[in-house]
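Structural overview
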Amino acid sequence: MTDATRKKIIKWFWIVVTAPFVLILGLLLLVWLFARIPSFEELEHPDNKLATQVIAAGGEILTTFHIENRTYVAYDDLSQHLVHAAVATEDARFYRHSGIDTKGLARVAVKTLLLRDSSQGGGSTITQQLAKTLYPRREVNSRIPGWSKVVMVWTKLKEWITAVKLERNYTKEEIIDMYLNSIFFGSNAYGVRAASETFFAKQPADLTVEEAATLIGMVNKPTRYTPAINPERALVRRKFVIGRMAKAGFISKHDADSIKQVPIVLSYQVQDHNAGLAPYFRDMLRRDMNARKPRRSDYHNPEDFSADSLRWAADDLYGWLNKNKKPDGSEYNLDKDGLRIYTTIDARMQKYAEEAVAEHLGKNLQKAFNNELKWKKNRPFAPDVDRKTTDLLMAQARRWSDRFRLQKKAGRSEADILAEFDKPVPMRVFAWNQKGHIDTTMTPDDSIRYYKGILRAGFVAVEPVTGHVKAYVGGPNYRYFKYDNVRQGKRQVGSTIKPFLYTLAMQEGMSPCDKVVNVPQSFLAGDGTDWTPRSTDKEEWIGKTVTLKWGLTHSSNNISAYLMKQFGPHAMVEMMHRMGVASHVDEVYALCTGPADIALYEMVSAYNTFPSRGVYVSPMYVTRIEDNMGNVLGEFTGRKREAIGERTAFLMVNLMQGVINQGTGSRLRSVYGLKGQIAGKTGTTNDNSDGWFIGYTPSITAGIWVGGEDRQVHFQSLALGSGSNMALPIWGIFMKKCLADPSVGLSEDDRFVAPAGVTLDLSCSGGDIDDTQETGRTSEEYYFE
């Protein structure tokens, strides 16, 4: 071989060897110069679809608003087992390379591409995988042959540059933190925090070795290796990850062998919009923050328009998203901007409230109602409901259903859609069992009747003086019943309206021990006829002289009617509005028996005036809002005004204590064993359609409404359908749970504080001893200083 030939061979050898590298370097230079490379801010937040956190008073995350359920967690809050598992499995030389692992690329080129050995895995480092989140693979449609591969190579080069940029500007700890926050784990869990909560109900810092290995094992193929769907594959994959951790020296071989034998134990709960604590509260919060400026044309009653208009002007949180803009002028987005909303909700009390609702409805009340349904021909409707009313309610339910609306939107005729409601189909429906549902086959019409037969409830608890909302439960199960019975629903309040009338009497100088004759009262109706409220008293009580406290304790319609005659409906409605009832209330004499439709939220906030010493405090449930960097965007305080005098408030406390000690609320003492000072009032409406109880201690005010979706769905007997049976037990269960947990801060030693320097006559008890033939005041009086 001549020298010229040898030189030519050497020349072409080096050309062939170096040309690919020169080509790659050239392409990298072109990409660096002309392609859009992300900013540092984008690198720190590779996907800005951050979940907004709704945070409880104690710092716990109640729930989130999100498109992708992603909440960032700092490196210091990560379990080191997570870091070790990720490095050992995804990038063993993570701490030794600068973003691109040339040894790994060489391994892929030789073993995977040339020898077709796919077991060697890919060559992407953790830093490259993080960079990849900025460049999601998109389908390329082009008529140019091979163009999709060109686009892929161009994207890959951008990823390499971005990886190098990451390594130059961030520490390894920051990179692994960003990486673990960017991974999709399946089950709507984006980032390691959401995954930890979804699969193990833990924070990332609390994960064990085996739990961390399970999560990291899912990174490669979330669906294939999820333990919720494929537990066998997940276990095999976890063993692989644990083996890699042992090989990398993060755990010993002995420990690895032991851990591999531990079964996968899940606490699986998909963190979707139906999950977590306080889902009804979350929904209410979204409605309030998204509210727009009220327009008169959207309201039937001027009072409702006026109330919302005043709230728009005075309440900074109401319509916050429409009142506030980002620094760049764009609108805030609850689902993407990663806001932190700090609320007044107590996570413990919220948990106890949800448990109390489920315990009473699921274990007791619904079973009793189902027993009654067995004997109803037109179930779940009451026997006296006529066919026309039933047909109307069913027709409305069909048209309001998702099934009807979606098929109508798809262009199907109404006749064809309605015909489908008579055909049996497989479906999953709510049930009070461990799973929360049953899989069955029934017609859509039967499912409507089934759901109408499920009793609904609302519960809200508010702290006196501050007005802080501590617990909020809008229904029995948010996944199946989205309607909020705390604020959206307005139902007849029954006898819970009577304390407003008694408040008026106390404000006008009367006292609990003032006596009146218990006889029916008649009113001249607008049409010229007489109207006499139906007496609820036993026959032997009629004609006796009783105290006002006896009247409220026994929820006597006769005594309420007497007070209505003294003061009139206009004064009573004014008192209700002064104490916080914003709903329209008709000024009629029948108001003394409770026909007004009012939201539970309004009733509880009005009752909260009593333990707040006469001061009405608007309910408050958000204290501040921060952006995702911790900058404060808004702070909120409650609004207060004096509604009634302190003397009046204390007299009402005394009156309503009689309900608990001697009257319709005495079950709190006899059944639930509650001690200490409690005041409250039960309420039951016509036909037992609505059961109410609102009670308060010096430290908490809580109210409950229970009933059917329609007023025509109700118990037949008063014993089962009264407020003392339908609603009061939830209050009792809730309070027992709170008192059993010292950390909640409620105590049976709490006492109502009497106003100083006022002489009060409080010698009567409200019990049967108060109904005598004697008239006038009692002689015993108390002087409080």
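Because the structure is a prediction, the values reported are computed rather than measured. (Residues numbered from 1 in each chain as written. Predicted model: local features only at pLDDT ≥ 70, side-chain atom pairs only at ≥ 80, totals over all residues. Heavy atoms only, no water.)

Re the overall build of the protein
- Broken down by element type, the protein carries 28 helices and 22 strands.
- Classification of the 785 residues of the protein by burial places 50% in the buried group.
- Taking the intrachain contacts of the protein between residues at least 6 apart in sequence as the baseline, contacts between residues at least 24 apart amount to 70%.
- Summed over all atoms, the accessible surface of the protein reaches about 36,900 Å², with 52% contributed by carbon and sulfur. (Helix = DSSP H or I, 4+ residues; strand = E, 2+ residues; numbered from the N terminus. Buried < 20%, exposed > 50% of the residue type's maximum accessible area, 1.4 Å probe, protein only. Contact = heavy atoms within 4.5 Å. Areas by Shrake-Rupley, 256 points an atom, 1.4 Å probe, with all protein chains shown as cover.)

Quick look at the side chain of Thr226
- Following the sequence through the fold, Thr226 ends up in the loop between α9 (209–217) and α10 (231–247).
- Under the relative-accessibility criterion, Thr226 is labelled buried at 3%.
- Excluding residues that lie within four positions of it along the chain, Thr226 makes contacts with Phe199, Met218, Pro231 and Ala234.

Describing the sheet that holds strand β16 (residues 632–635)
- Ordered by their spatial adjacency, five strands build an open sheet running β2-β1-β3-β15-β16, and the pairing between neighbours is mixed. Each having just a single partner strand, β2 (61–65) and β16 make up the two edges of the open sheet. When the angles between neighbouring strand axes are averaged without regard to direction, this sheet yields 20°.
- Sheet topology note: the strand β3 (residues 340–343)/strand β15 (residues 622–626) ladder contains four bridges and is antiparallel. (Pairing = 2+ DSSP bridges. Axes fitted to C-alpha atoms, helices over the stretch in contact; angles between N-to-C directions.)

Brief notes about helix α8 (residues 192–200)
- Within α8, eight of the nine residues are buried, leaving the element largely enclosed by the surrounding structure.
- Within the sequence span of α8, burial applies to Val192, Arg193, Ala194, Ala195, Ser196, Thr198, Phe199 and Phe200.

Description of the sheet that holds strand β20 (residues 701–707)
- Across the sheet, which stays open at both edges, the five strands sit in the order β7-β6-β20-β19-β18 with antiparallel pairing between neighbours. A single partner strand is all that each edge strand has here, and the edge strands are β7 (469–473) and β18 (679–684). Pairwise comparison of adjacent strand axes, ignoring direction, gives a mean angle of 5° for this sheet.
- For β18 and strand β19 (residues 690–696), the ladder comprises six bridges, and the chain directions are antiparallel. Looking across to β19, one finds that Thr682 is bridged to Phe693.

Quick word on unusual backbone geometry
- With an omega dihedral of 10°, the bond running from Arg379 to Pro380 counts as a cis peptide bond.
- Its identity is not glycine, yet Ala201 carries a phi of approximately 50°, on the positive side.
- Locating Ala201 in the fold gives a position in the loop between α8 and α9.
- Although it is not a glycine, Asn688 sits at a positive phi angle of roughly 60°.
- You can see Asn688 is positioned in the loop between β18 and β19.

Some remarks on the side chain of Arg456
- For Arg456, the location among the structural elements is in strand β6 (residues 456–462).
- From its side chain, Arg456 meets the backbone oxygen of Ile454 in a polar contact 2.9 Å long.
- Apart from the residues within four sequence positions on either side, Arg456 is in contact with Tyr451, Pro476, Phe481, Asn485, Trp705, Val706, Gly707, Gly708 and Glu709. (Polar contact = N/O pair within 3.5 Å; in protein donor to acceptor, adjacent residues only side chain to side chain.)

Comments concerning the state of the cysteines
- This model, assessed by the stated rule, comprises one disulfide.
- Between Cys513 and Cys764 runs a disulfide, and the two sulfur atoms are separated by 2.1 Å. For the disulfide bridge between Cys513 and Cys764, the dihedral angle about the S-S bond is near -95°, and by the sign convention the bridge is left-handed. Here Cys513 is found in the loop between α20 (498–507) and β9 (515–517), whereas its partner Cys764 is found in the loop between β21 (758–760) and β22 (782–784), with 251 residues between them in sequence. (Disulfide = S-S within 2.5 Å.)

Concerning the environment of Asn518
- As for its position among the elements, Asn518 is in the loop between β9 and β10 (523–524).
- Residue class for Asn518 comes out buried when judged on its relative accessible area of 0%.
- For Asn518 and Val546, which are 28 residues apart along the polypeptide, the C-alpha to C-alpha distance reads 6.5 Å.
- When residues no more than four places from it in sequence are discounted, the contact partners of Asn518 are Asp537, Trp541, Ile542, Gly543, Lys544, Val546, Trp550, Ser556, Asn558 and Ile559.
- Reaching out from Asn518, the side chain makes a polar contact with the side chain of Asp537 at a distance of 3.1 Å.
- Within the structure, the side chain of Asn518 is placed 3.2 Å from the backbone oxygen of Trp541, a separation counted as a polar contact.

Digging into the pairing of β20
- β20 sits mainly inside the fold: seven of its seven residues count as buried.
- Residues Thr701, Gly703, Trp705 and Gly707 line one face of β20 and the alternating positions Ala702, Ile704 and Val706 line the opposite face, and both faces are buried.
- By the bridge criterion, seven bridges tie β6 to β20 in an arrangement that is antiparallel. Opposite Arg456, over in β20, you have Gly707 as the bridge partner.
- Following β19, the chain reverses through four residues before pairing antiparallel with β20.

Regarding the confidence of the model for the protein
- Predicted confidence across the protein gives a mean pLDDT of 86, with 86% of residues reaching 70 or more.
- Here residues 30–36 is a poorly scored stretch, pLDDT under 50, and it has 14 contacts once near neighbours within four places are set aside; other chains count.
- This model gives residues 773–785 a pLDDT under 50, and the stretch forms 38 contacts once residues within four places in sequence are excluded. (pLDDT = per-residue confidence, 0-100.)

Let's talk about the pattern of salt bridges
- Under the defined criterion, the tally for this structure stands at 34 salt bridges.
- In this structure, Lys452 and Glu709 form a salt bridge, with 2.7 Å as the shortest nitrogen-oxygen distance. Here Lys452 is found in helix α19 (residues 444–452), whereas its partner Glu709 is found in the loop between β20 and α26 (718–721), with 257 residues between them in sequence.
- Linked through salt bridges whose partners overlap, the residues forming this network are Asp288, Arg311, Asp315 and Arg487. (Salt bridge = Lys/Arg side-chain N within 4 Å of Asp/Glu carboxyl O.)

Things to note about the nonpolar core
- Of all hydrophobic cores here, the largest spans 94 residues; its most connected members are Leu285, Tyr472 and Phe500.
- No other element matches helix α22 (residues 557–578), which puts nine residues into this core.
- Filtering out sequence-adjacent residues up to four positions away, Phe500 remains in contact with Met572, Met575, Met576, Met579, Val581, Met603, Ala606 and Tyr607.
- Within the second largest apolar cluster, 48 residues are counted, among which are Ala353, Phe381, Ile448 and Trp731. (Core = buried A, V, L, I, M, F, W, Y, C linked by side-chain atoms within 4.5 Å.)

Quick look at the pairing of β19
- Most of β19 is tucked away, with seven of its seven residues classed as buried.
- Burial of β19 is two-sided: the residues Asp690, Trp692, Ile694 and Tyr696 facing one way and the residues Gly691, Phe693 and Gly695 facing the other way are all buried.
- Joining the antiparallel neighbours β18 and β19 is a turn of five residues, in which Asp687 adopts a positive phi near 65°.

A short note on the packing of aromatic side chains
- Scanning all chains against the criterion turns up 24 aromatic pairs.
- Through a chain of ring-to-ring contacts, three or more aromatic side chains come together here, namely Phe430, Trp432, Tyr450, Tyr451, Tyr480 and Phe481.
- The ring centre of Tyr601 lies 4.2 Å from the NZ or CZ of Arg487, which sits over that ring.
- Residue placement shows Lys565 over the ring face of Phe523; its charged tip is 5.8 Å from the ring centre. (Phe/Tyr/Trp six-rings, centres within 6.5 Å; stacked < 30°, edge-to-face > 60°. Lys NZ or Arg CZ within 6 Å of the ring centre and 35° of its normal.)

Examining the environment of Val486
- In this fold, Val486 is placed in the loop between β7 and β8 (490–492).
- Classification of Val486 by relative accessible area gives buried; the value is 0%.
- Put simply, Val486 and Val460 are 26 residues apart on the chain and 6.9 Å apart in space, counted from C-alpha to C-alpha.
- In contact with Val486, other than residues within four places in its own chain, are Gly458, Phe459, Val460, Tyr472, Val473, Gly474, Ala599, Leu600 and Tyr601.

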